[in-house]
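Summary of the model geometry
Okay, here's what each chain looks like letter by letter:
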Amino acid sequence: MSHLETASRPLIEAHQLARLQFGVPYLLPTNRFYQEKLSGTESIAFESLADLAHLPFTTKRALVADQEARPLFGSNLTFPLSEYIRLHQTSGTTGHPLKILDTQESWDWWADCWKTVYQAASVTANDIVFLAFGFGPFIGFWSAYEGAKKLGALTVPGGGMDSLQRLRAIQEIGATVLVCTPSYALRLAEIAQEHGMNVRDSTVRVTIHAGEPGASIPATRERIENAWGAKTYDHAGMTEMGAFGFACSEQRGLHVNEAEFIAEILDPQSGQPVLEGEAGELVLTNLGRWGTPAIRYRSGDLVRHGGYTCACGRSFLHLSGGVLGRVDDMLIVRGINVYPSALADVLHRFPEVAEYRVIVTREGPMDEIALQVECPSTLTIEIQEELRIALHLRVPIETVEPGTLPRFELKAKRVDDRRKRS
């Protein structure tokens, strides 16, 4: 790990402040989006990181609106278009897709951020990294591919293959690292079992996951590790922000890569910082992507402040349990806050549960949830009891036949929200 990962908090914050002091004046003369957004804040001297709180938030909605008003790429560009070499866009799962451009410098920065993810997962130049992903305009694992190259590992992109072909390729080349979404890792294991393949005894020793919460959910991580016989690591990133979070050997959640990002955890309603141990919305500022910057970006991710100490030796901010869910994904069912990740943690404790779907409806002013689960009907009462203990709710469960529910390669969409259709 780098010296900064174990540095004192004053040294880390001095590093962040120096990057911020360079970046903001650097982009303001030419970046129209932030010229307008930061208008009136020119007198802020950035003498400490506390001054960052005087700047307004950036939201995805504002960036999308800017691109709609100033097509095609909006005004959050610090350089002429000829300086940019990569175009990616968000998946569109939370709204209209957002187009993001990278210069060569910022694309190299992306790769460095992913190199940190690999190194924390003990991946080296001696590994063979297989990326089980259909490469397209969604940034997905393009940056993971670049990071593995920078690490010096043999890198194998799995685009253009179906799941069985990917499994056979992993087996044939002796891949030691699998990179994909948590849901797809479980799907690959399911397909392997259907075809008599034993991935548990394969050469894969590490799996790294992104795209959705899962690898930091204890039951989900345990299921992946049991299926693959490998150690499982979480990762967090966003197209509009960068690869900001990585898991360490302790596997208790995520560290924020504070060498390249400034993180704030704020109460979503008041906007005030939360205390250690409390949950709030993650607000990020990237420090190496000045061509398409994101300053005080409201990620929409709910995280828990885990402090700055870890048995791995790192002093970077720790997010206990990783990304807990989306702030706007929270359901209030009979007065109880329910996140989809909490449901996953219970359901994945049962090896017999192949897949599930959460159905959300509204009865009068109240939200209600029910589950469709691919499992033997004899498990219904036991699952309901575990959910009652964990969530203090009785959740109706309908068991369905194996193969009934959809499978996912990218972000899983297990919540069927029928409130808007009622």
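Look a little higher up for the structure.
Here is a short report on the structure shown in this document. No experiment lies behind these values; they were computed from the predicted model shown.

Thresholds applied
- Position numbers for residues count from 1 along each chain, tracking the sequence in the order it is written.
- In keeping with the predicted nature of the model, local features appear solely for residues at pLDDT of at least 70, side-chain atom pairs appear and are counted solely at 80 or more, and the whole-chain, interface and lining totals rest on all residues.
- Only hydrogens and water are set aside; all other atoms, that is, all heavy atoms of the structure, feed into the side-chain values.
- Side-chain atoms within 4.5 Å are what join buried Ala, Val, Leu, Ile, Met, Phe, Trp, Tyr and Cys residues into a set we call a nonpolar core.
- Each residue is assigned to one of three classes by its accessible area relative to the maximum for its type, calculated with a 1.4 Å probe on protein chains only: buried under 20%, partly exposed between the two thresholds, exposed over 50%.
- A helix here means a DSSP run of H or I that spans at least four residues, while a strand means a run of E at least two residues long, and both kinds are numbered starting from the N terminus.
- We call two residues in contact when some of their heavy atoms are within 4.5 Å.
- Pairing between two strands requires that DSSP report at least two bridges joining them.
- For helices, the fitted axis covers only the stretch in contact; all axes are lines through C-alpha atoms, and the angles between them, taken along N-to-C directions, range from 0 to 180 degrees.
- As defined here, a cavity is a set of points on a 1 Å grid over the protein atoms alone where a 1.4 Å probe fits but cannot get out. A pocket is an open set with protein on both sides within 12 Å along at least five of seven lines, and residues line them when an atom is within 4 Å of a point.
- Grid points are joined across faces, edges and corners, and a volume is the space filled by probe spheres set on the points.
- In this count, Pro and Cys sit with the nonpolar residues alongside Ala, Val, Leu, Ile, Met, Phe, Trp and Tyr, while Asp, Glu, Lys and Arg are called charged and the others, Gly among them, polar.
- Put simply, two rings from Phe, Tyr or Trp (the six-membered ring, in Trp's case) pair if the centres are within 6.5 Å, and we call them stacked under 30 degrees between planes, edge-to-face over 60, tilted for the rest.
- Two limits define a charge over a ring: the Lys NZ or Arg CZ must be within 6 Å of the ring centre, and within 35 degrees of the ring normal.
- Put simply, a salt bridge is a Lys or Arg side-chain nitrogen that is within 4 Å of an Asp or Glu carboxyl oxygen.
- A helix is expected to span 1.5 Å multiplied by its residue count minus one.
- For this quantity, the arc is that covered by the directions from the helix axis to the C-beta atoms.
- A 3.5 Å cut-off defines polar contacts: any pair of N or O atoms within that distance qualifies, except that in protein one atom must be a possible hydrogen donor and the other a possible acceptor, and neighbouring residues in sequence count only when both atoms are side-chain atoms.
- Each crossing gets its handedness from the near helix: less than a right angle anticlockwise from the far helix is left-handed, clockwise is right-handed.

If you look at soluble globular proteins, the nonpolar side chains tend to sit buried side by side. Counting residues in each nonpolar core, the largest one holds 71 residues, and the members touching the most others are Trp114, Tyr118, Val123, Val129, Val179 and Ile208. With 8 residues, the top contributor of residues to this core is helix H4 (residues 104-120). Filtering out sequence-adjacent residues up to four positions away, Val129 remains in contact with Tyr118, Val123, Ala148, Ala153, Leu154, Thr155, Val156, Val177 and Val179.

Bringing the sheet that holds strand E12 (residues 297-305) into the picture now. One open sheet holds the 11 strands; their spatial order is E4-E3-E5-E6-E7-E8-E9-E13-E12-E11-E10, and the pairing between them is mixed. Looking at strand neighbours, the two that pair on one side only are strand E4 (154-157) and strand E10 (261-266), the edges of this open sheet. The mean inter-strand angle of the sheet, taken between neighbouring strand axes irrespective of direction, is 35°. Pairing geometry for strand E6 (residues 206-209) and strand E7 (residues 231-238), over 4 bridges, is parallel. In the strand pairing of E7, His209 is matched with Asp234. Sheet strands in contact with helix H7 (residues 182-194) are strand E5 (177-180) and E6, and its direction is about 120° off that of E5.

Before going further, it helps to examine the layout of surface pockets. To locate leftover empty space, one rolls a probe as large as a water molecule over the atoms. If you add up the space inside the second largest pocket, you get close to 620 Å³. What lines the second largest pocket is a set of 28 residues, among which Leu186, Arg223, Ala227, Pro351 and Val353 lie closest to the centre. Elements represented by at least two residues in the lining of the second largest pocket include exactly H7 and helix H8 (218-228). Broken down by element, the lining of the second largest pocket gets its largest block of residues, 6 residues, from H7. When grouped by side-chain class, the residues that make up the lining of the second largest pocket number 12 nonpolar, 5 polar and 11 charged.

Take the packing of aromatic side chains next. Scanning all chains against the criterion turns up 12 aromatic pairs. Look at Phe133 and Phe135: their rings are 5.1 Å apart centre to centre, the planes differ by 75°, and that puts the pair in the edge-to-face class. Overall, the relative accessible area of 2% leaves Phe133 in the buried class. Here Phe135 falls in the partly exposed class, since its relative accessible area comes to 22%. Here the aromatic rings of Phe133 and Phe141 are separated by 5.2 Å at their centres, their planes lie at 85°, and the arrangement is edge-to-face. Put simply, the rings of Phe133, Phe135, Phe141, Trp142 and Tyr145 pair up and form one aromatic cluster. We note Arg86 situated over the ring of Trp142; from NZ or CZ to the ring centre the distance is 4.9 Å. The ring of Phe57 carries the charged tip of Arg298 above its face, separated from the ring centre by 5.0 Å.

Considering all chains together, one arrives at 25 salt bridges under this definition. For Glu258, the salt bridge identified is with Arg9, shortest N-O distance 2.6 Å. Of this pair, Glu258 sits in the loop between strand E9 (253-256) and E10 while Arg9 sits in helix H1 (residues 9-27), and the two are 249 residues apart along the sequence. We classify Glu258 as buried; its relative accessible area is 3%. Taking relative accessible area as the criterion, Arg9 reaches 19% and is therefore assigned buried. Look at the salt bridges and you will find they share partners, linking Arg32, Glu36, Asp66 and Arg70 into a network.

Let's shift gears to helix H10 (residues 380-391). With 12 residues, H10 extends 16 Å from end C-alpha to end C-alpha; this agrees with the ideal 16 Å at 1.5 Å per step. Buried residues of H10: Thr380, Ile383, Gln384, Leu387 and Leu391, and no others. End-on view of H10: buried residues confined to an arc of 100°, all on one side of the axis. Buried residues in H10 make contact with strand E15 (336-338), helix H9 (340-347), strand E17 (366-374) and strand E18 (397-400). At the exit of H10 stands His392, carrying a positive phi of roughly 60°.

What follows concerns empty space enclosed by the protein. The final tally for this structure, using the stated rule, is 2 cavities of 30 Å³ or more. Taken together, Leu63, Asp66, Gln67, Phe73, Asn76, Leu77, Leu98, Lys99, Ile100, Leu101 and Thr292 make up the lining of the largest cavity. Of the residues in the lining of the largest cavity, the class split is 6 nonpolar, 3 polar and 2 charged. Counted as a void, the second largest cavity has a volume near 40 Å³. Around the second largest cavity sit Ala215, Ser216, Arg221, Thr232, Tyr233, Asp234, Ala247, Gln251, Arg252 and Gly253, which together line it. Here the lining of the second largest cavity gets 3 residues from one element, more than from any other, and that element is E7. When grouped by side-chain class, the residues that make up the lining of the second largest cavity number 3 nonpolar, 4 polar and 3 charged.

Okay, the side chain of His209 next. Relative to the elements of secondary structure, His209 occurs in strand E6. A distance of 2.8 Å separates polar atoms of two side chains, one belonging to His209 and the other to Thr207. In this structure, His209 is in contact with Cys180, Thr181, Pro182, Ala185, Ala215, Ile224, Thr232, Tyr233, Asp234 and His235, ignoring residues within four places of it in sequence.

With that out of the way, let us pick up the packing of H7 against H8. Following both chains from N to C, one finds H7 and H8 inclined at 35°, their axes separated by 10 Å at the closest point. In this structure, H7 crosses over H8, and the sense of that crossing is left-handed. Where H7 abuts H8, its residues Pro182, Ala185, Leu186, Leu188 and Ala189 lie against Arg223, Ile224, Ala227 and Trp228. Its residues assigned to classes, the contact of H7 with H8 shows 8 nonpolar, no polar and 1 charged.

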